Amino acid sequence: MGHLWMTWSLEGVGSAGQNVADVEAACHALIGSVERSRRAFDEPEPWEALRRSALIIQDQMLGTGREVLDQGREWTSTLKGVSIVLIPRD
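Keep in mind that what you see is a predicted model, and the values were worked out from it rather than measured.

### Quick word on the overall build of the protein chain
Then step 1. Of the regular secondary structure elements, the protein chain holds two helices and four strands.
Then step 2. Put simply, the protein chain runs from its N terminus to its C terminus through helices and strands in the order β-β-α-α-β-β.
Then step 3. Its C-alpha atoms give the protein chain a radius of gyration of 13 Å, near enough to 12 Å, the size a compact globule of 90 residues would have.
Then step 4. Across its three principal directions, the C-alpha atoms of the protein chain cover 40 × 20 × 15 Å.
Then step 5. Across the 90 residues that make up the protein chain, the buried fraction comes to 36%.
Then step 6. A total accessible area of about 5,200 Å² is found for the protein chain, and carbon and sulfur atoms account for 48% of it.

### Overview of a negative patch on the surface
Then step 1. Together, Asp 42, Glu 43, Glu 45 and Glu 48 make up a negatively charged patch on the protein surface.
Then step 2. Looking at where Asp 42 falls in the secondary structure, it is placed in the loop between α1 (23-36) and α2 (44-70).

### Regarding the side chain of Ser 37
Then step 1. Looking at where Ser 37 falls in the secondary structure, it is placed in the loop between α1 and α2.
Then step 2. For Ser 37, a relative accessible area of 4% translates into the label buried.
Then step 3. Side-chain polar atoms of Ser 37 contact the side chain of Trp 47, separated by 3.4 Å.
Then step 4. The residues touching Ser 37, leaving out its near neighbours within four places in the chain, are Leu 10, Val 13 and Trp 47.

### Describing the sheet that holds strand β4 (residues 82-88)
Then step 1. Strands sit in the order β2-β1-β4-β3 across an open sheet of four strands; the sheet is antiparallel. Every interior strand has two partners, whereas the edge strands, β2 (14-20) and β3 (75-79), have only one. In this sheet, neighbouring strand axes are inclined to one another by 10 degrees on average, regardless of whether the strands run parallel or antiparallel.
Then step 2. The pairing of strand β1 (residues 4-10) with β4 spans seven bridges and is classified as antiparallel. Paired with Leu 4 across the two strands is Pro 88, which belongs to β4.

### Some thoughts on the environment of Ser 15
Then step 1. Tracing the chain through its elements places Ser 15 in strand β2.
Then step 2. Under the relative-accessibility criterion, Ser 15 is labelled exposed at 63%.
Then step 3. It is 20 Å that separates the C-alpha atoms of Ser 15 and Glu 45, two residues lying 30 residues apart in sequence.
Then step 4. With near-sequence residues (within four places) excluded, Ser 15 lies in contact with Trp 8 and Ser 9.

### Remarks on the pairing of β3
Taken residue by residue, a regular strand's side chains alternate between the two faces of the sheet.
Then step 1. Pairing geometry for β3 and β4, over five bridges, is antiparallel. Looking at β4, one finds that Ser 77 is bridged to Ile 84.
Then step 2. A loop of two residues connects β3 with β4, the two strands running antiparallel in sequence, and Lys 80 in this loop sits at a positive phi of about 40 degrees.

What counts and what doesn't
- Residues numbered from 1 in each chain as written.
- Predicted model: local features only at pLDDT ≥ 70, side-chain atom pairs only at ≥ 80, totals over all residues.
- Heavy atoms only, no water.
- Helix = DSSP H or I, 4+ residues; strand = E, 2+ residues; numbered from the N terminus.
- Rg over C-alpha atoms; globule rule 2.2 N^0.38 Å.
- Buried < 20%, exposed > 50% of the residue type's maximum accessible area, 1.4 Å probe, protein only.
- Areas by Shrake-Rupley, 256 points an atom, 1.4 Å probe, with all protein chains shown as cover.
- Patch = residues over 30% accessible without salt bridge, like charges linked within 9 Å, V, L, I, M, F, W, Y side chains within 5 Å.
- Salt bridge = Lys/Arg side-chain N within 4 Å of Asp/Glu carboxyl O.
- Lys, Arg positive; Asp, Glu negative; His and termini not counted.
- Charge placed at Lys NZ, Arg CZ, Asp CG, Glu CD.
- Polar contact = N/O pair within 3.5 Å; in protein donor to acceptor, adjacent residues only side chain to side chain.
- Contact = heavy atoms within 4.5 Å.
- Pairing = 2+ DSSP bridges.
- Axes fitted to C-alpha atoms, helices over the stretch in contact; angles between N-to-C directions.

This is the structure in structure tokens:
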């Protein structure tokens, strides 16, 4: 598979987009973004909920997400404050 364009948003934090090499790189970008977002919260509970959602979405990306992308189709997921879109670039 070629490169992917990914956009993601974290409720209460913001959104971002970038090119990534593959599904694993997308996972790394998402989880890294969630880890960095911890400072945006005064209390740990909202951040921990986002982190749980991101970890579930990571599992989805590595399973059904990869299958959909391998077919050349866009893949999206939203779960309790975390949204992601992966689009094949070539």
